[in-house]
Amino acid sequence: MKFTKMCAAVAGLFLSTVSMAASVHVKFDSNIFNGSGYDAVQIVYPSGSASVAAGRFQGTGSNVVGASPSIFVDGLDDLYMYCYDLYENVRSGQEADYTINFDGPTARTLDFLGAVNFTLNGGSNDWADPYAWLHPVSAAQGAAIQLGIWESKYDTGWDLGTGSFRASGLESATNNWWQQFRSAVLDPGVADLDPSLAMTLEAPGVQDMITGDPQPIPEPASALLVALGLAGLGAVRGRRQR
């Protein structure tokens, strides 16, 4: 095969794989807040209001396509995540096929999650655990993180009492954690979460989720980049020999 045809073939395979969306099948635990618990609160958001359980979700992942299963921080058997969508619903035991969006979290969400990490890592930007936001140690802590994620997405400030997103009826422990996270997010010296450390799971008809991501580029795309480079190197060597 001529070099130009070979490159075209490899490039075509590379582009088709990169354009193929990564996906994962998720089954939510029953109880959906297994391992962390929740706080029942009242919320108001743009064009809606509801009584909700705020907390970290837990489920099991399977059938990962277009990426390595290693992109899930705690493995597929312990898939931790938070709700990233208030306009749809999910229930305990539900199953859904999600598209993985490696660029899904907004800048405000990354700002807030950086503040959570700062707080949970002892008030330091030197994070011993960059996924501390995924590992709350109490229902109140998980609830405060979930409320902050919603605040980051649906509002422009950092006040649960006013604005486009509001929450009331928080337990005192939840409010205490929220105030700590709020103080950190308002501190300009606190680092944001790196975009490569989070991703969203998106699907029509079911709530989107946000979770951690230890490697920002899906492995198949990386492998094809290497293959493309090797193909080019081989062609250059062939030309030199001729």
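Refer to the preceding data block for the structure.
Computed from a predicted structure; not experimentally measured.

K.L.:
Sorry if this is basic, but what is going on with the packing of aromatic side chains here?
P.N.:
The way to describe two aromatic rings as a pair is by their centre distance and the angle between their planes. Tallied over the entire structure, the rule returns 13 aromatic pairs. Taken together, a centroid distance of 5.9 Å and an interplanar angle of 65 degrees make the contact between tyrosine 87 and tyrosine 154 edge-to-face. In this pair, tyrosine 87 is assigned in the loop between strand 5 (79-83) and strand 6 (95-101) and tyrosine 154 in helix 3 (residues 139-154), connecting sequence segments 67 residues apart. Seen in terms of ring centroids, tryptophan 150 and phenylalanine 165 are 6.1 Å apart; in terms of plane orientation they differ by 55 degrees. Their pairing is tilted. Residue tryptophan 150 is located in helix 3, and its partner phenylalanine 165 is located in the loop between helix 3 and strand 7 (166-168); the two are separated by 15 residues in the primary sequence. Judged by relative accessible area, phenylalanine 165 falls into the buried class, the value being 0%. The rings of Phe28, Phe33, Tyr38, Phe57 and Tyr98 are connected pair by pair, giving a single aromatic cluster. When the ring centre of tyrosine 80 is taken as origin, the NZ or CZ atom of arginine 56, which lies over that ring, is 3.8 Å away.

K.L.:
Honestly, helix 3 in this entry has me stumped. Any pointers?
P.N.:
For an α-helix, 3.6 residues make a turn, and residues three or four places apart therefore share a direction. When the terminal C-alpha atoms of helix 3 are compared, their 22 Å separation across 16 residues agrees well with the 22 Å that a helix rising 1.5 Å per residue should span. Of all the 16 residues making up helix 3, 14 are buried; the element is thus mostly covered by neighbouring parts of the structure.

K.L.:
Would you explain the environment of isoleucine 210 in this entry?
P.N.:
Structurally, the position occupied by isoleucine 210 is in strand 9 (residues 209-212). Separated by 110 residues in the primary sequence, isoleucine 210 and isoleucine 100 have C-alpha atoms spaced 9.7 Å apart.

What counts, and at which threshold
Residues numbered from 1 in each chain as written. Predicted model: local features only at pLDDT ≥ 70, side-chain atom pairs only at ≥ 80, totals over all residues. Heavy atoms only, no water. Phe/Tyr/Trp six-rings, centres within 6.5 Å; stacked < 30°, edge-to-face > 60°. Helix = DSSP H or I, 4+ residues; strand = E, 2+ residues; numbered from the N terminus. Buried < 20%, exposed > 50% of the residue type's maximum accessible area, 1.4 Å probe, protein only. Lys NZ or Arg CZ within 6 Å of the ring centre and 35° of its normal. Expected span 1.5 Å × (residues − 1).

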